Amino acid sequence: MAQATYIQPNIEEWLKKFKFSTTINVRFCETDMSGHVNNTSYFIYFEQARTEYLQNLGIFDHNLTVVTADMWCHYHSEAFFGEELIAAARVARLGNSSADIEYAIVSKKENRLVATGSGTIVLVDKETKKSTRVPENIREAIKKFEGL
């Protein structure tokens, strides 16, 4: 499998860039007939990591929400029911009203890379339902947290 273009310069160095993570306990309903985590479940794990990351930065303390513009997932190894995973998220690029988010999912017990992903979110004003600029205090919090 070719390396995803967002993983730079290599997987080891890329993984070191993540400063936020959360624990995922794989539920039975997230697995398929083969006994491993269904491919669609990884997008739920990405969402959980992203939501907790943004909560940690205080983005939901405003009258704002985010919508996902696009999302990719690359599968590296299997995960199974009962397995404990670490889901990490980071802002890789911060635009005027959008951000590129990268994700990594690792098996906690085996420290094995399970999945990686990338996608763009857009900040939306809850009242107008239109994209809006990232408030300066949130922009600064993200830059400080990520070292951008």
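Let us look at the structure shown here.

## As for the pairing of strand β4 (residues 98–107)
Part 1: Burial runs high along β4: 9 of the 10 residues are buried.
Part 2: In the sheet, strand β3 (residues 84–94) pairs with β4 via 9 bridges, with the strands oriented antiparallel. Counted as the bridge partner of A87 is I105 from β4.
Part 3: Where β3 folds back onto β4 in an antiparallel hairpin, the turn is made up of 3 residues.
Part 4: Where β4 meets strand β5 (residues 112–125), 10 bridges bridge the pair, whose relative direction is antiparallel. Opposite I105, over in β5, you have A115 as the bridge partner.
Part 5: The hairpin formed by β4 and β5 contains 4 residues between the paired strands, and N111 there has a positive phi angle of roughly 50°.

## As for unusual backbone geometry
The bulk of non-glycine residues show a negative phi, and the bulk of peptide bonds are trans.
Part 1: Note that the residue after Q8, namely P9, is joined by a cis bond; omega there is -5°.
Part 2: With respect to the helices and strands, the residue P9 is situated in the segment before α1 (11–15).
Part 3: The backbone phi angle of N111 is positive, close to 50°, even though this residue is not glycine.
Part 4: For K129, which is not glycine, the phi torsion reads 65° and is therefore positive.

## Here we look at the packing of aromatic side chains
Part 1: All told, the structure shown has 9 aromatic pairs when counted by the stated rule.
Part 2: Plain terms: the ring middles of F28 and F81 are 5.7 Å apart, the flat faces sit at 85° to each other, and that makes the pair edge-to-face. Of the two residues, F28 sits in the loop between β1 (20–25) and α2 (41–56) while F81 sits in the loop between β2 (64–75) and β3, which places them 53 residues apart along the sequence.
Part 3: Stacked on the ring of F18, the Lys or Arg R90 has its end atom at 6.0 Å from the ring centre.

## A short note on helix α3 (residues 136–146)
Each full turn of the α-helix corresponds to 3.6 residues, which orients residues three or four apart in the same direction.
Part 1: All of the buried residues along α3 are I138, R139, I142 and E146. Viewed end-on, α3 has its buried residues packed into an arc of 105°, placing them on one side of the element.
Part 2: Looking at the buried side of α3, the elements it contacts are α2 and β3.
Part 3: Phi turns positive one or two residues past the end of α3, at G147, with a value near 70°.

Thresholds applied
- The numbers attached to residues start from 1 for each chain and follow its sequence in the written order.
- Since the coordinates come from a predicted model, pLDDT governs what is reported: local features require at least 70, and pairs of side-chain atoms require 80 or more to be given and counted, while whole-chain, interface and lining totals use all residues.
- For the side-chain quantities, the full set of heavy atoms in the structure was used; hydrogens and water were omitted.
- To sort residues, take the accessible area from a 1.4 Å probe on protein chains only and compare it with the maximum for the residue type: under 20% means buried, over 50% means exposed, and anything in between is partly exposed.
- Labels follow the DSSP assignment, with helices taken as runs of H or I lasting at least four residues and strands as runs of E lasting at least two, numbered in each case from the N terminus.
- Two strands make a pair as long as DSSP finds a minimum of two bridges between them.
- A pair of aromatic rings is counted whenever rings of Phe, Tyr or Trp (Trp by its six-membered ring) have centres within 6.5 Å, and the orientation is called stacked for planes under 30 degrees apart, edge-to-face for over 60 and tilted otherwise.
- Each ring is checked for a lysine NZ or an arginine CZ that lies within 6 Å of its centre and within 35 degrees of its normal; such an atom marks a charge sitting over the ring.
- In this context, the arc is that of the directions from the helix axis out to the C-beta atoms.
- Contacts are residue-level and defined by heavy atoms, with any inter-residue pair within 4.5 Å sufficient.

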